[in-house]
Amino acid sequence: MEPDSQISETDSKMPEIVNQTMELLTQSNDPCSKIQAAKDIRRLTKTSQKYRRHFSGAIQYLVSMLRSNSLEFNEASLLALLNLAVKDEKNKVKIVDAGALEPLICFLRSDSTTLREYATAALLTLSASVINKPTISSSGAIPLLVEILRDGSPQAKVDSLMTLYNLSTRKENLTVILSEKAIPPLVNLLKTCKKSSKTTEKCSALIESLLDFEEGRSALTSEEGGVLAVVEVLENGSPQSRECAVGALLKMCESDRDRYREPILQEGVIPGLLELTVQGTPRSQSKARTLLQLLRDSPYPRSELEADRLENIVCTIVSQIDGEDRGGKAKKMLAEMVQVSMEQSLRHLQQRALVCTPTEMPFTKCTSKVSSK
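Just so it is clear, the model here is predicted, and its values are computed rather than measured.

Trainee: Go over the overall build of the protein, please, and point to the residues and values.
Mentor: Counting its secondary structure elements, the protein contains 22 helices and 0 strands. By residue count, 49% of the 373 residues in the protein fall in the buried class. Across the protein, every contact between residues at least 6 apart in sequence was considered, and the portion connecting residues at least 24 apart equals 71%. A total accessible area of about 18,200 Å² is found for the protein, and carbon and sulfur atoms account for 50% of it.

In structure tokens form, the structure reads like this:
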């Protein structure tokens, strides 16, 4: 049979399939039939937007199954709802309006790791809707999401991060996230994820937003390796991640240069900043130049600085940054700066190695993609 004929036949049978499945879900008294109906909805809506539309009427019944004491009921209905919500704004809103948040919040506290993961993934999908954000924000989900960010499974941590990022677009949520001590688990996630990943982009962006507050800036500098984790993103992240990283460091230095200048310089940030002035996005370049000026201009005598020769080179580059052929000049001088700073950076790395524990946390490639379950 030709592909077009297969599609036509499937479309012609769709109403019949939907009606049969809905009948099992809504009229059967057999628990196994309801579970099978939920599984069928999950399967049919995994990749089909048409089925998501046709099965929108099942949402209230699936939400009712979430309230059951049966773990099998919970998992089957939750996965069906998750697929119904993917790429469907109307279904996202309808699921929240049907009362799904209350059982989902309960699942975040569940002893079942699987149920916690599914509930976190569901909240991630639902929080992508602007309409849902106020309701989710006031549901008490944020403290539980930070807890999962701290202690959850690797995938649940990533989904929790993404959900918190979605909710952070409402500025009032930033203080709530901060009050739950989110900076340490965010730093830990930043350390273990691939620097070019979407996870790092969202993590860097959330940290940058949290550094609007002094509590956030203090928490980052107090966390062991916190500033270093941001500097490493500035050096090796995607263009968007690097922009967030330099923005975070700039917020620190602009808020209180005397307090934050040295902690930033100690992590060897200068080479990465100079590279950004040449190769970064327009916003990254502007922020990097501003931060270089703040790091260069010191109230202390030059004899108190560790890298006098390096800073002289930096001063020269920055002083020429507004001249003609800025990019060409910076590129030529960048090579010289990197060569001069290698010895200093090596000493810094050796000092860091001395304070490391014998067993380091394994490098984990985190993913930020939430696929249909």
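Read on for the rest.
Trainee: Give me the lowdown on the nonpolar core, citing residues and values where you can.
Mentor: Counting residues in each nonpolar core, the largest one holds 93 residues, and the members touching the most others are Leu 62, Leu 104 and Leu 249. The greatest single-element share of this core, amounting to 9 residues, is contributed by helix α5 (residues 71–85). Leave out the neighbours within four places in its chain, and Leu 104 touches Leu 78, Ala 119, Ala 122, Leu 123 and Leu 126.

Trainee: Kindly report on the side chain of Ser 110, identifying the contributing residues and their values.
Mentor: Looking at where Ser 110 falls in the secondary structure, it is placed in the loop between α7 (101–108) and α8 (113–127). Residue class for Ser 110 comes out buried when judged on its relative accessible area of 17%. Polar contacts involving the side chain of Ser 110 include one to the main-chain amide nitrogen of Ser 112, which spans 2.9 Å.

Trainee: Describe in detail the environment of Phe 73, supporting the description with residues and values.
Mentor: Tracing the backbone through its elements, the reader meets Phe 73 in helix α5. Linking Phe 73 and Ile 35, residues 38 residues apart in sequence, is a C-alpha distance of 6.1 Å. Excluding its chain neighbours within four sequence positions, the residues that come into contact with Phe 73 are Pro 31, Lys 34, Ile 35, Met 65 and Ser 68.

Trainee: I'd like a description of the pattern of salt bridges, backed by residues and values.
Mentor: Tallied over the entire structure, the rule returns 11 salt bridges. With a shortest N-O distance of 3.5 Å, Arg 43 and Asp 40 are connected by a salt bridge. Of this pair, Arg 43 and Asp 40 both sit in helix α2 (residues 31–44), 3 residues apart, roughly one helical turn. The closest approach of N and O atoms between Arg 283 and Glu 243, which form a salt bridge, is 3.4 Å. Residue Arg 283 is found in helix α20 (residues 282–296), and its partner Glu 243 is found in helix α17 (residues 239–255); the two are separated by 40 residues along the sequence.

Trainee: With reference to specific residues and values, describe the packing of aromatic side chains.
Mentor: Evaluated as defined, the whole model comprises 1 aromatic pair. Ring centres of Tyr 51 and Phe 55 lie 5.9 Å apart, and the angle between their planes is 20°; on these two criteria the pair is classed as stacked. Taken individually, Tyr 51 and Phe 55 each receive the classification buried, so the pair is uniform in this respect.

Trainee: Any chance you could break down the packing of helix α4 (residues 59–66) against α5 for me, citing the residues and the numbers?
Mentor: At a minimum axis separation of 8 Å, α4 and α5 run at an interaxial angle of 145°. The two elements α4 and α5 cross, and the hand of that crossing is left-handed. Contacts from Ile 59, Leu 62, Val 63, Met 65 and Leu 66 in α4 reach Phe 73, Asn 74, Ser 77, Leu 78, Ala 80, Leu 81 and Leu 84 in α5. Within the contact of α4 with α5, the residues separate by chemical class into 10 nonpolar, 2 polar and no charged.

Reading guide: rules and limits
Here the residue index of a chain counts from 1 through its sequence in written order. Residues qualify for local features only when their pLDDT is at least 70, as the model is predicted, and side-chain atom pairs are given and counted only at 80 or more; totals for whole chains, interfaces and linings, by contrast, use all residues. Excluded from the side-chain calculation are hydrogens and water; included are all heavy atoms of the structure. Helix and strand assignments come from DSSP, with helices taken as H or I runs of at least 4 residues and strands as E runs of at least 2, each series counted from the N terminus. Burial classes follow relative accessibility: with a 1.4 Å probe on protein chains only, a residue under 20% of its type's maximum area counts as buried, one over 50% as exposed, and anything between as partly exposed. Contact criterion: two residues are considered in contact whenever any of their non-hydrogen atoms come within 4.5 Å of each other. Values of accessible area rely on a 1.4 Å probe in the Shrake-Rupley scheme; residue burial ignores everything except the protein chains shown. Side-chain atoms within 4.5 Å are what join buried Ala, Val, Leu, Ile, Met, Phe, Trp, Tyr and Cys residues into a set we call a nonpolar core. Side-chain atoms alone can form a polar contact between residues adjacent in sequence; in general such a contact is a pair of N or O atoms within 3.5 Å, and within protein one must be able to donate a hydrogen while the other accepts it. Note on definitions: salt bridges are taken to be side-chain nitrogens of Lys or Arg within 4 Å of carboxyl oxygens of Asp or Glu. Stacked, edge-to-face and tilted labels apply to pairs of Phe, Tyr and Trp rings (six-membered ring for Trp) whose centres lie within 6.5 Å, assigned for plane angles under 30 degrees, over 60, and everything in between, in that order. Working convention: axes come from line fits to C-alpha atoms, limited for helices to the stretch in contact. Angles between N-to-C directions cover 0 to 180 degrees. In a left-handed crossing the near helix is turned counterclockwise from the far helix by less than a right angle, and in a right-handed crossing that turn is clockwise. Nonpolar residues are Ala, Val, Leu, Ile, Met, Phe, Trp, Tyr, Cys and Pro. Charged residues are Asp, Glu, Lys and Arg, and all others, Gly as well, are polar.

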